[in-house]
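Architecture at a glance
Now for the letters of each chain:
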Amino acid sequence: MNMNKTYLLIKHEFLNTVRRKAFIILTLAFPLIALLGILAGQVIPKMITPSTTIDKVGYVDQVGIFTRSLTENKTELIPFVSEDAAKAALEKKDIKEYFIITPGYVATGLIQRYTLTSEIAPSDTVQGVIKDFLLNNLLNGNSAEIVARAKNPLSIASTTLTTAGTPATRQGGFSALILPYIFGILLMLAIFTSSGYLLQGLGEEKENRVMEILLSSISPKQLLAGKIIGLGAAGLVQIIVWLVSANFLMKMASAAWGNVIGSLQVPPDFLILGIIYFILGYLLMAVIMAGVGSVNPTAREGQQMSAIFTIPVIIPIYFMGLIMEHPENIVVKILTFIPITAPITVIVRLGLSEIPLWELLVSISILILSIWGLFVLCTKLFRTYLLMYGKRPDLKEIVRSFREA
Amino acid sequence: MFSIEVNHILKTYGNRAAVNDVSFNVNQGEIFGLIGPNGAGKTTTIRMMMDIIKPDSGDIKVMGEKLNDNSKNKIGYLPEERGLYKKMTVIDSIIYFASLKGVDKELARKRGEELLKRADLLTHQNKRIEELSRGMGQIVQVIITVIHEPDLIILDEPFSGLDPVNTQLLKDLIRDLKNKGKTIIMSTHLMNDIEELCDRLLMINKGRAVLYGSLAEVKSKYRDNSVLLEAVGELGTIEGVTEKRPHNGAMELKLDANTTPQMLLERLLKKGIVVNRFELATPSLTEIFIKVVGDEHE
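Residues numbered from 1 in each chain as written. Chains lettered and ligands numbered in written order. Predicted model: local features only at pLDDT ≥ 70, side-chain atom pairs only at ≥ 80, totals over all residues.

**Some words on the pairing of strand S10 (residues 226-232) of chain B**
Residue and element names in this part refer to chain B. Cut-off, in case you're wondering: Here, a strand pair is defined by DSSP locating no fewer than two bridges between the strands. Numbering of helices and strands runs from the N terminus; a helix is a DSSP stretch of H or I covering at least four residues, while a strand is a stretch of E covering at least two.
The pairing of S10 with strand S12 (residues 250-255) spans four bridges and is antiparallel. Its bridge partner lying in S12, Leu229 is registered against Met251. As defined by bridge partners, S10 adjoins strand S13 (residues 274-280) across six bridges and the pair is classed as antiparallel. Looking across to S13, one finds that Val227 is bridged to Leu280.

Have a look at this one:
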């Protein structure tokens, strides 16, 4: 009987939430935006038609060793005997620009470049062509392979080893970070939206005066538990939609953007820990929101007060740099243990390095204990202030009601 | 067994006692009126009966035991602060709140439709609550209060905000429920409703019980020694009558302590006065209410 009513309430809250337009839009927005980004990555390069005209760049060799000219990347280098000749050609627009290899070049590396249009910096293409031209001439006499290697001397392949000497499951790097980073933000979003619905729901029930009718059928504990679980289930659906679609999207992304970001990798325990930390992070925020919702007479006033508690959740985002570069730092450890910052911190850390099991266990235990403690406190607050319409109790009254309850 | 037993309940907010040592019992199958001016403590008393707020001291038994999940299903409660989910439809609201009282969906729909039909609201069943007028919304809420056929129905100011047609509808419904053997507790500050419907009543003022008993008992307690008379002919002075004053087309005669109404009637007849109407004047509940509350003020 008891469970049955809680179940009805969970079902009601769950269905009410997943049918909300805002919920559906938010849930689908992330995969759709990501999909659009990936499609753009595949389509846009094909839309850019390479230009067929050849840019002519003049040069004046005042050193006397740059004899091997060059035509590459739609750019043709044309030698001029004097600066005046080059300048005249530029004025007639026979060439687009010219550069002078100054007499002291070998010692100083100074190249003077003259153009008709102003620009922030020389384009990569122009710089590349000039560099290649200089290297070709400087390395004159070496084999083509050596010249090619000199132009592109380094291609690093790093491997992180475990202490046993085998390759570690987490290899770090940008591609490993990007997913936890995105998921840190999505987790935050999911926690905020579903706990926000809870706050809003409580406020509406107060404003609608439905509370008393509900309480004539169920107990305050059932009401709170039903709401928290029902809305949490809706948030979980959101996270699962995101995780599942991320799986597909990542394969597409690796194909489309592979040369930019490398192949994306999902750390193996990422899914499980992601869901655990969503549930715990959500429950923590939910009980906090239930407390805030209880003492505030309207949804709007509740939202203002809730900012005090939502801002700390974002703190790990500010420490992102620290977490990335020094995942073993003591501050990072502390953020892992503080219940309100733990979910985002752990998700971001997961992408970078193995988190010691004991740290995870401590973090999860602290979270569970604080959720339980807050739930007990909040049901008391809830009961005391639920029917107080129109006025918010001050801090002293709240503390007193904790003591009395 | 009483439907409700309230023993010495006390509830204070800060220094103010909202309900101060109030006790009463409600018999099964009666309509019990809880009356008093605004802010007297009626709603606080009802909320304590519903276990929404806890009394500081004293205890309340509902159907012989402390309120629990099972007995909650046997109670229908119409709170003073009324409201439903604005976005839900009428029929969905009825079904949802019925389900929280343990009524299955199909039965709730069937009963809901019957009650809506009776209130002439069946065509509105798929409208959202926010589309209804205030009075209609209130009728829907009354339907939700009785949808699970509770044994005990608690109505807090049920008639406030209703037009005369809906008021009549609700009165008929309350009488029906009584005829089916249900117990009804209603709070009101409108004395006419109580006189019309209630068997027994409790009057509270400033958190204290000031009157308690059956309607007849309460009235007789406040009856002063006077009669109402409609007669043909000049009365003149009559022995034992201390005061004459017109009262709704009749004449109210106050008698001195040595005169009974019976003696007055004999004297009138002896004088050859034709009596069309002769009755003991009982004060209306409103008069008692004003008298009691007024006395408390002094």
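Resuming the write-up.
**A closer look at the interface of chain A and chain B**
In many reports, interface size means the accessible area that the parts give up when they come together. For clarity, the cut-off: Placing a C-beta atom from the backbone of each residue, one calls two residues in contact when those atoms lie within 7 Å. Gly counts as polar in this scheme, as do all residues outside two lists: the nonpolar Ala, Val, Leu, Ile, Met, Phe, Trp, Tyr, Cys and Pro, and the charged Asp, Glu, Lys and Arg.
On the chain B side, the residues contacting the 15 residues of chain A number 20 residues. When contributions to the side of chain A that touches chain B are tallied by element, the ones reaching two or more residues are helix H1 (2-18) and helix H8 (211-215) of chain A. Tallied by class, residues from the side of chain A that touches chain B come to seven nonpolar, five polar and three charged.

**As for the pairing of strand S8 (residues 200-205) of chain B**
All names here are of chain B. Put simply, the rule is: Comment: burial labels come from other C-beta atoms within 10 Å of the residue's own C-beta, placed from the backbone, where a count of 20 or more is buried, 12 or fewer is exposed, and between is partly exposed.
Where burial is concerned, most of S8 is hidden: six out of the six residues are buried. The alternating pattern of S8 places Arg200, Leu202 and Ile204 and Leu201, Met203 and Asn205 on opposite faces, both of which are buried. Sheet topology places strand S3 (residues 31-35) next to S8; four bridges connect them, and they run parallel. Looking at S8, one finds that Phe32 is bridged to Arg200. Summarising the sheet, S8 and strand S9 (residues 208-214) pair through six bridges and their orientation is antiparallel. Looking at the pairing, Leu201 lines up with Gly213 of S9.

**Here's the deal with the sheet that holds strand S1 (residues 55-61) of chain A**
All names here are of chain A. Formally: Axis lines are fitted to C-alpha atoms, over the contacting stretch for helices. Their N-to-C directions set the angle, which ranges from 0 to 180 degrees.
Read from one edge of the open sheet, five strands run S2-S3-S1-S4-S5, paired in mixed fashion. Taken across any chain shown, the strands that pair with only one partner, and hence form the sheet edges, are strand S2 (71-72) and strand S5 (111-115). Relative to strand S4 (residues 97-101), S1 runs parallel, the two being bridged by five bridges. Opposite Val60, over in S4, you have Ile100 as the bridge partner. Those strands touched by helix H3 (residues 83-91) are S1, strand S3 (75-80), S4 and S5, and its axis lies near 165° from that of S1. Lying on the sheet, helix H5 (residues 124-138) is in contact with S2, S3, S4 and S5; it crosses S3 at an angle near 55°.

**Some details on the sheet that holds S9 of chain B**
Residue and element names in this part refer to chain B. Pairing is mixed across the open sheet formed by six strands, whose spatial order is S5-S6-S7-S3-S8-S9. Edge strands, defined here as strands with exactly one partner in the open sheet, are strand S5 (75-78) and S9. Strand-to-strand twist across the sheet, computed as the mean angle between neighbouring axes with direction ignored, equals 10°. The strands that helix H5 (residues 134-146) touches are S5 and strand S6 (152-156); relative to S5, the one it contacts most, it runs at about 160°. Seen against the sheet, helix H6 (residues 164-179) touches S3, S6 and strand S7 (183-188) and runs at an angle of roughly 150° to S7.

**Side note on the domain arrangement of chain B**
To be explicit about the condition: Boundaries between domains were set according to an automatic or database domain assignment.
Domain annotation for chain B reports domain 1 (4-214) and domain 2 (224-281). Each of domain 1 of chain B and domain 2 of chain B has a C-alpha centre, and the two are 43 Å apart.

**Some details on the packing of helix H3 (residues 90-100) of chain B against H5 of chain B**
Residues and elements named next belong to chain B. Our working rule: Comment on the angle field: the value is read as roughly parallel under 35 degrees, roughly antiparallel over 145, roughly perpendicular from 65 to 115, and oblique elsewhere. Each crossing gets its hand from how the near helix is turned against the far one by less than a right angle, where anticlockwise is left-handed and clockwise is right-handed.
Where H3 meets H5, the axes come as close as 9 Å, and the angle between the chain directions of the two elements is 25°. Between H3 and H5, the crossing angle belongs to the class labelled roughly parallel. Handedness of the crossing formed by H3 with H5: right-handed. The segment H3 lies against H5, with Val90, Ser93, Ile94 and Phe97 engaging Val140, Ile143 and Ile144. Residue composition of the contact of H3 with H5, grouped by class: six nonpolar, one polar and no charged.

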